[in-house]
Structures are given as C-alpha cells and as structure tokens.
Amino acid sequence: MINKLIKEIIKKDAPIVVGLDPKLGFVPTHILDKWYGELSYSLEAVGEAIYEYNKGIIDATYDLIPAVKPQIAMYEQFGIPGMIAFKKTVDYAKEKGLVVIGDIKRGDIGSTSEAYALGHIGTVSVGDKSFNPFNEDIVTVNPYLGTDGVQPFVDVCKANDKGIFVLVKTSNPSSGEFQDRIVDSKPLYEIVAEKVNEWGETTVDSEYGYSDVGAVVGATYPEMGVKLRALLPKSYILVPGYGAQGGSGKDLKGFFNKDGLGAIVNSSRGIIAAYKNEKYASFGDTGYADASRAAVEDMLKDIRENI
C-alpha cells in the first residue's frame, strides 16, 4: 500500500494529507440548518451534515492531494450516525481515487488488536461471504502494548496490501512526559523507532524501498524529525502538527529524504476550517470548500519551497 501512496504523491507533487476532523463548529451554518430542517436536532442530522461537509472538501481538493485522514473520534462522538458518516466519507474518498489513512490510534492485546485490524484494514467472514467493514488503506497504531499489539496489524497489512503508521513522537505538547523519557541511555521514542524498523522488515517493497510500517513524528519537533529520519530509513513518516499546531514548511525538510520522498505532512483544521481564517474569510460560509482548496494550494507552495 505504501507504493500506491508514493505513486500518488509523485503524480501530484503533493506530499500532504488533509485531515478530515469535523468538529461541529467547523460545519457551515447553511449545511447544519438544512439537515436540522429535515431531521430535526438529532445525531442523524449531524451525521448527514458532516458527510456533506466532508464531501464538499473532497470535491474541491481531490485533484491536488494524494490522501485524506479522517480522525475517527470526531465521528464516534456522534454515535452510530457519526460512524455511518465516517464510513461514507472513507468510501467517497476512495471513489475519488484518494488513499485513506484512518486515524484510529488503536493498539491492544493480541486478539483485540487483530479485531481492530480486521475491521479497519482487513476482511471478516460471515457465512460464505467476506466483507471489508471500514476498508481504510492505512491506519495509525499505538505501540504502547508492544509487539503483541502491533504484530496483528502487520499480519493483516501483509495479507491485504494495507499499511500502518505507528506513533513514535507525537505533536502534542505533553508527548514528552513518556516519549522523551530516557531508557537505557536513549529517549523512549528512539526505542519505538527501532521497533518500527523491526516490525516492518518483512514488508519492504523493492520498487521504492519503503516499508508498509511507517511512523508518526510531529512537525512541532523538527530536530527530532531529523534524528528519526536517520533511524527510520525504510519507513514513511506521517507528519502531523503543520499549520494550526505551529509547524511550517521550514520545519519539514529534515523529515524528507534527499529525493523529496519519505514523508507526508498532515493539516486538518488549517484546511477544513480555512474559511474561518481571516486570510480566506472572503470565501464566506458557502465557499468553505473553495477556501479549503486555496489553503491546500498555499500549503503545497510552502512545502515545495522548503523541501
């Protein structure tokens, strides 16, 4: 699966992913009012509004970007209607030719991790039929439980041509409380990086030389990005933290290899809520999707000038 992502990045000259993290306050009033009018103030109305909002952003940006990254908690909070919106978003993005990175951050004991993996990037059998329940292409994985929690995802990746990004050094301010702790004379995130290499050894493809087991490293820690790029020679790096969290193009060069590959940068609210930013306010609520496109174009310009 990493090869498919790389091909799309090269084709569009766009090492970026749009995070579809739809807070209710991001959804324009005219969309909410439409669905409240049809379904009253209900979770069902919210689910439909979120899907319409996402669909508009995808329609406005799919020709510029290789991938989208829906964050599952933003959908789960609205119960079953929210999860239906998540699934419809995944399916629609794939219809438009986009790679879908499900930001699920799962990781548990072996049997539970296997169930998560099968549900999101694998297949389940019901009688003599097989189904791909959520059918993302790649998912994010929390490695805190160790190999027991990650290996089931790796096995499902190999069986279904899928991928994972393992949390190594995350972009949030308190990540250092655990991730920076010194263990055996090195920070814990370096030990996790070493395990990422180990987990991905059997999934490296000869075409580009990258593994289907990638890493998550935040743009808010560029000096660690340089170090981890060297420690993860065969892993693609998913880089959150660009834009609203403080990362910018000048922070990103160290995450990439000399050929311009090796990393994909995420921006979420900086893109999907761009119309609320003064820079793009002229688009207005009804032009929210066009504002998102303009923000993607600006992000691409910033990254292309700096890597």
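What you are looking at is a predicted structure, and each value in this text was computed from that prediction instead of being measured.

A.B. asks: What am I meant to see in the overall build of the protein here?
C.D. replies: Counting secondary structure elements, the protein contains twelve helices and twelve strands. Taken over the C-alpha trace, the protein has a radius of gyration of 19 Å; the compact-globule value for 307 residues is 19 Å, and the two agree within 12%. Expressed along its principal axes, the backbone C-alpha trace of the protein runs to roughly 60 × 55 × 40 Å. Within the protein, the fraction of its 307 residues that count as buried is 53%. A separation of at least 24 residues holds for 73% of the contacts in the protein among residues at least 6 apart in sequence. Looking at the protein as shown, the accessible area adds up to about 13,100 Å², and 52% of this sits on carbon and sulfur atoms. Within the protein, the 42 negative side-chain charges are centred at a point lying 3 Å from the centre of the 33 positive side-chain charges.

A.B. asks: Quick question: what am I supposed to make of unusual backbone geometry here?
C.D. replies: For residues besides glycine, phi is generally negative; the peptide bonds are generally trans as well. For Asp-13, which is not glycine, the phi dihedral falls at a positive 50°. Residue classification places Asp-13 among the partly exposed residues on the basis of a relative accessible area of 46%. Here the phi dihedral of Ser-185 falls at roughly 70°; this positive angle occurs in a residue that is not glycine. Topologically, Ser-185 is positioned in the loop between strand E8 (182–183) and strand E9 (186–187). On the basis of relative accessibility, which here comes to 75%, the residue Ser-185 falls in the exposed class.

A.B. asks: Sorry if this is basic, but what is going on with the sheet that holds strand E10 (residues 211–217) here?
C.D. replies: Sheet strands pair by backbone hydrogen bonding; their relative direction is either parallel or antiparallel. Sheet architecture is closed into a barrel: eight strands sit in the order E1-E2-E3-E6-E7-E10-E11-E12, paired in parallel fashion. Strand after strand, the sheet turns through a mean of 30° between neighbouring axes, direction not considered. Examined bridge by bridge, strand E1 (residues 16–20) and strand E2 (residues 67–70) share four bridges and lie parallel to one another. Considered in E2, the bridge of Val-18 is made with Val-68. Against the sheet, helix H1 (residues 2–12) engages E2, strand E3 (99–106), strand E6 (138–141), strand E7 (163–169), E10, strand E11 (235–239) and strand E12 (263–267), with an angle of about 60° to E11.

A.B. asks: Explain the pattern of salt bridges to me, please; I cannot follow it from the model alone.
C.D. replies: Where charged atoms from two side chains of opposite charge approach closely, those side chains can pair. If you walk through the whole model with that rule in mind, you get 22 salt bridges. In this structure, the salt-bridge partner of Lys-7 is Glu-207, at a minimum N-O distance of 2.8 Å. Here the residue Lys-7 occupies a position in helix H1, and Glu-207 occupies one in the loop between helix H9 (188–200) and E10, the gap between them amounting to 200 residues. Of the residues examined, Lys-7 reaches a relative accessible area of 37% and is grouped as partly exposed. Take Glu-207: its relative accessible area is 46%, and that puts it in the partly exposed class.

A.B. asks: I would appreciate a short explanation of helix H10 (residues 222–231) in the present structure.
C.D. replies: For the α-helix, the turn length of 3.6 residues means that residues three or four positions removed from each other point alike. Considered for burial, the residues of H10 that qualify are Met-224, Gly-225, Leu-228 and Arg-229. For H10, the buried positions fall inside an angular range of 140° around the axis, keeping them on one side. On its buried face, H10 is in contact with E7, H9, E10 and E11.

A.B. asks: For this particular structure, what's the right way to read the packing of aromatic side chains?
C.D. replies: The way to describe two aromatic rings as a pair is by their centre distance and the angle between their planes. All chains considered together, the criterion is met by seven aromatic pairs. With centroids separated by 5.8 Å and ring planes inclined at 70°, the aromatic side chains of Phe-86 and Phe-134 adopt a geometry described as edge-to-face. Placement of the pair is Phe-86 in helix H5 (residues 79–95) and Phe-134 in the loop between strand E5 (129–131) and E6, with a sequence separation of 48 residues. On the accessibility criterion, Phe-86 (0% relative accessible area) is buried. The class of Phe-134 is partly exposed, set by a relative accessible area of 23%. When the ring centre of Tyr-62 is taken as origin, the NZ or CZ atom of Lys-96, which lies over that ring, is 4.3 Å away. Taking the ring centre of Tyr-221 as reference, the NZ or CZ of Lys-169 above it sits at 4.3 Å.

Here is what the cut-offs are and how they apply
- Residues numbered from 1 in each chain as written.
- Predicted model: local features only at pLDDT ≥ 70, side-chain atom pairs only at ≥ 80, totals over all residues.
- Heavy atoms only, no water.
- Helix = DSSP H or I, 4+ residues; strand = E, 2+ residues; numbered from the N terminus.
- Rg over C-alpha atoms; globule rule 2.2 N^0.38 Å.
- Buried < 20%, exposed > 50% of the residue type's maximum accessible area, 1.4 Å probe, protein only.
- Contact = heavy atoms within 4.5 Å.
- Areas by Shrake-Rupley, 256 points an atom, 1.4 Å probe, with all protein chains shown as cover.
- Lys, Arg positive; Asp, Glu negative; His and termini not counted.
- Charge placed at Lys NZ, Arg CZ, Asp CG, Glu CD.
- Pairing = 2+ DSSP bridges.
- Axes fitted to C-alpha atoms, helices over the stretch in contact; angles between N-to-C directions.
- Salt bridge = Lys/Arg side-chain N within 4 Å of Asp/Glu carboxyl O.
- Arc of directions from axis to C-beta.
- Phe/Tyr/Trp six-rings, centres within 6.5 Å; stacked < 30°, edge-to-face > 60°.
- Lys NZ or Arg CZ within 6 Å of the ring centre and 35° of its normal.

Geometric values such as these leave the question of function open.
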